[in-house]
Amino acid sequence: MSYLPSNLRERDGGTLLCRFPKGPTGMQLSGTIVKKVLPGSAADQFGIQPGWRFVSIGGFTVPQSNNEDDKEFVYGMIDKALSSEDGMVIEFKIPSESRPTSSTAS
């Protein structure tokens, strides 16, 4: 069984959903890919890792051409979604080498 933090939910197709509360996420981007996670931020506490790619934000599909215009689109969508009292759900595509590891009970 895979270990996932309680705010993450695995979906078919190798993506994870993460519900962020209202407020800053603590992620820096390179296009549509997480470049850096700030220590102590919501993203850090939730286990988000550099290299994860945004798939959707608040139910809206993120362009996948990974250029600087896409980065601005992602930041804009995050700002809009985070103005909601309910926060937002972000869907990430995780590279296979950074997938959460399976843990087994001894």
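Residues numbered from 1 in each chain as written. Predicted model: local features only at pLDDT ≥ 70, side-chain atom pairs only at ≥ 80, totals over all residues. Heavy atoms only, no water.

Novice: Can you walk me through the side chain of Thr-15 in this structure?
Specialist: One can find Thr-15 in strand S2 (residues 15-20). Classification of Thr-15 as buried rests on a relative accessible area of 8%. (Helix = DSSP H or I, 4+ residues; strand = E, 2+ residues; numbered from the N terminus. Buried < 20%, exposed > 50% of the residue type's maximum accessible area, 1.4 Å probe, protein only.)

Novice: What is the right way to read the environment of Asp-86 from this model?
Specialist: You can see Asp-86 is positioned in the loop between helix H2 (68-82) and strand S7 (88-93). The spacing of Asp-86 and Lys-22 is 64 residues in sequence and 6.6 Å in space, taken between C-alpha atoms. Each residue touching Asp-86, except ones within four places of it in the same chain, is listed here: Arg-19 and Phe-20. (Contact = heavy atoms within 4.5 Å.)

Novice: When you look at the nonpolar core in this model, what are you seeing that I'm missing?
Specialist: Nonpolar side chains in soluble globular proteins generally cluster together in the buried interior. Ranked by internal contacts, the top residues of the largest apolar core, which has 23 residues, are Phe-20, Met-27, Ile-48, Phe-54, Ile-57 and Phe-92. Taken together, the elements giving at least two residues each to this core come down to S2, strand S3 (27-30), strand S4 (33-37), helix H1 (42-46), strand S5 (53-57), H2 and S7. Per-element accounting of this core gives the leading share, four residues, to H2. Those residues within four positions of Phe-54 in sequence are excluded, and the remaining contacts are Met-27, Leu-29, Thr-32, Val-34, Val-62, Gln-64, Val-74, Ile-78, Ile-90, Glu-91 and Phe-92. (Core = buried A, V, L, I, M, F, W, Y, C linked by side-chain atoms within 4.5 Å.)

Novice: Before we go on, may I ask you to explain the packing of aromatic side chains in this structure?
Specialist: Under the criterion given, the structure shown has three aromatic pairs. Ring plane angle 65 degrees and centroid distance 5.3 Å describe the contact between Phe-20 and Phe-46, whose orientation is recorded as edge-to-face. Of this pair, Phe-20 sits in strand S2 while Phe-46 sits in helix H1, and the two are 26 residues apart along the sequence. According to the relative accessible area criterion, Phe-20 is buried, its value standing at 1%. Accessibility expressed as a relative area gives 16% for Phe-46, which makes it buried. Considering the side-chain rings of Phe-54 and Phe-92, the 5.1 Å spacing of their centres and the 50 degrees angle between planes classify their relative orientation as tilted. On the criterion of sequence distance, the pair formed by Phe-54 in strand S5 and Phe-92 in strand S7 is long-range, its members being 38 residues apart. (Phe/Tyr/Trp six-rings, centres within 6.5 Å; stacked < 30°, edge-to-face > 60°.)

By themselves these figures say nothing about function.
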